[in-house]
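# Breakdown of the fold
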Amino acid sequence: DVKVTQSSRYLVKRTGEKVFLECVQDMDHENMFWYRQDPGLGLRLIYFSYDVKMKEKGDIPEGYSVSREKKERFSLILESASTNQTSMYLCASSIPGRYEQYFGPGTRLTVT
Amino acid sequence: SQQGEEDPQALSIQEGENATMNCSYKTSINNLQWYRQNSGRGLVHLILIRSNEREKHSGRLRVTLDTSKKSSSLLITASRAADTASYFCATDYEGAQKLVFGQGTRLTINP
């Protein structure tokens, strides 16, 4: 089975802090994605990556950056956390040519 | 954005009944998927239906797709308490590998 893990289930950070959310998948998937999920807004794509050191902006990249130094790891970085970034963050991976995505358990981030 | 829209937003039924959820989208697609999310957890892929398919079955799940109406439905038969979750439809976007998700239907199965 595909396993996607995220570094924390719950995280509390202060406004202005730099925040790192880590995602690791163990199935050698080339594609990886970061979403945020908010009530009434569904899932929105922040960034995605089709290969190592490659990244593309999703629908809401502002205030975020990503890093993909290794195929299995995709990191989401909040450069200076703000309260409006309080959300559930979901990581996913997929195989090129296959549309099914495999999700991690999510990180619920609270910025105070 | 061609974000899909699920209908209804919430559905509550008795165990053993069938549950039907609908999804509408705006532009042409290659495929449509349905995912389940248990409370506070990640999403789990349930089923994918391609644009040239009209109906697909997987266990107690039945998915239909009407590309002329740009809509899909997910039917869960003989519902169980464990089916309580949120259900999302997702469509590919301009043939790319990324997906666009709807806002979801929250399904509650009452024992």
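Scroll up to find the structure.
A short tour of the structure in this document, coming up. What you see is a predicted model; the values in this text were computed from it and never measured.

What follows covers the overall build of chain B. Each helix and strand counted, chain B has 0 helices and 11 strands in total. Counted from the first residue to the last, chain B has its helices and strands arranged as β-β-β-β-β-β-β-β-β-β-β. The globule rule puts the C-alpha radius of gyration for 111 residues at 13 Å, and the 13 Å found for chain B is close to it. Viewed in the frame of its principal axes, chain B has a C-alpha envelope of about 40 × 30 × 20 Å. Split into buried and exposed, the 111 residues of chain B put 45% on the buried side. Counting contacts in chain B only where the partners sit at least 6 residues apart, residues at least 24 apart contribute 55% of the total. When the accessible surface of chain B is split by element, carbon and sulfur atoms take 42% of a total near 5,200 Å².

Our next topic: the side chain of B:Ser79. Residues and elements named next belong to chain B. Position of Ser-79 relative to the elements: it lies in the loop between strand E8 (71-76) and strand E9 (85-92). Among the polar contacts listed, one links the side chain of Ser-79 to the backbone oxygen of Gln-14, at a separation of 3.4 Å. Beyond its immediate sequence surroundings of up to four residues, Ser-79 is in contact with Ile-13, Gln-14, Glu-15, Gly-16, Glu-17, Arg-60 and Ile-109.

Turning our eyes to something else, we now look at the state of the cysteines. All names here are of chain A. Scanning all chains against the criterion turns up 2 disulfides over all chains. Put simply, Cys-23 and Cys-91 are joined by a disulfide, and their sulfur atoms are 1.8 Å apart. Residues Cys-23 and Cys-91 are joined by a disulfide whose S-S torsion is about -75°; by sign, that bridge is left-handed. A residue pair is termed long-range when its members are at least 10 positions apart, and Cys-23 in strand E3 (residues 19-25) and Cys-91 in strand E9 (residues 87-94) qualify at 68 residues. Owing to a relative accessible area of 0%, Cys-91 belongs among the buried residues under this scheme.

Once that is clear, we can look at the sheet that holds strand E3 (residues 19-24) of chain B. Residues and elements named next belong to chain B. Strand order in the open sheet formed by 5 strands is E1-E3-E8-E7-E6, and the pairing between neighbours is antiparallel. Edge strands, defined here as strands with exactly one partner in the open sheet, are strand E1 (5-7) and strand E6 (55-58). Strand-to-strand twist across the sheet, computed as the mean angle between neighbouring axes with direction ignored, equals 20°. For strand E7 (residues 61-66) and E8, the ladder comprises 6 bridges, and the chain directions are antiparallel. Bridge assignment links Arg-62 to a residue of E8, and that residue is Leu-75.

A few words on the interface of chain A and chain B. Counting residues at the interface gives 25 residues for chain A and 22 residues for chain B. Roughly 1,800 Å² is buried in total at the junction of chain A and chain B, and carbon and sulfur atoms are behind 51% of that figure. Interface area lost by chain A to chain B is led by A:Leu43, A:Tyr99 and A:Phe103, which between them contribute 34%. Applying the counting rule to chain A against chain B returns 0 salt bridges. Counting the contacts that link chain A with chain B gives 6 residue pairs in polar contact (both at pLDDT 80 or more). Elements with a minimum of two residues in the side of chain A that touches chain B: strand E4 (31-38), strand E5 (42-49) and E9 of chain A. Taken together, the residues of the side of chain A that touches chain B sort by class into 14 nonpolar, 8 polar and 3 charged.

Rules and cut-offs
- Residue numbers here run from 1 along each chain, matching the order of that chain's written sequence.
- Just so you know, chain letters begin at A and ligand numbers begin at 1, following the order they were written in.
- At least 70 in pLDDT is required for a residue's local features to be given in this predicted model, at least 80 for side-chain atom pairs to be given and counted, and no such filter applies to totals for whole chains, interfaces and linings, which use all residues.
- The side-chain numbers reported here are obtained from all heavy atoms of the structure, hydrogens and water having been left aside.
- Elements are defined by DSSP. Helices are runs of H or I of four residues or more, strands are runs of E of two residues or more, and each kind is numbered from the N terminus.
- The size measure is the radius of gyration over C-alpha atoms, and the globule rule it meets is 2.2 Å times the number of residues to the 0.38 power.
- Only protein chains enter the accessibility calculation, which uses a 1.4 Å probe; a residue whose area is less than 20% of its type maximum is buried, one above 50% is exposed, and one in between is partly exposed.
- Note on contacts: a residue pair is in contact if any heavy atoms of the two residues lie within 4.5 Å.
- Per-residue accessibility takes into account occlusion by the displayed protein chains alone, with areas from the Shrake-Rupley method and a 1.4 Å probe.
- Polar contacts, as counted here, are pairs of nitrogen or oxygen atoms within 3.5 Å of one another; within protein the pair requires one atom able to donate a hydrogen and one able to accept it, and residues that are adjacent in sequence qualify only if both atoms are side-chain atoms.
- By definition, disulfides here are pairs of cysteine sulfur atoms that lie within 2.5 Å.
- Strand pairing requires that DSSP identify at least two bridges connecting the strands.
- To get an axis, a line is fitted to the C-alpha atoms, and for a helix only the part in contact is used. The angle between two axes follows their N-to-C directions and goes from 0 to 180 degrees.
- Once two parts are joined, some of their accessible surface, as seen by a 1.4 Å probe, is lost; buried area is that loss totalled over both.
- Whenever Lys or Arg places a side-chain nitrogen within 4 Å of a carboxyl oxygen from Asp or Glu, that contact is recorded as a salt bridge.
- Residues are grouped as follows: nonpolar covers Ala, Val, Leu, Ile, Met, Phe, Trp, Tyr, Cys and Pro; charged covers Asp, Glu, Lys and Arg; every other residue, Gly included, is treated as polar.

Remember that the coordinates give geometry; whether it matters functionally is a separate question.
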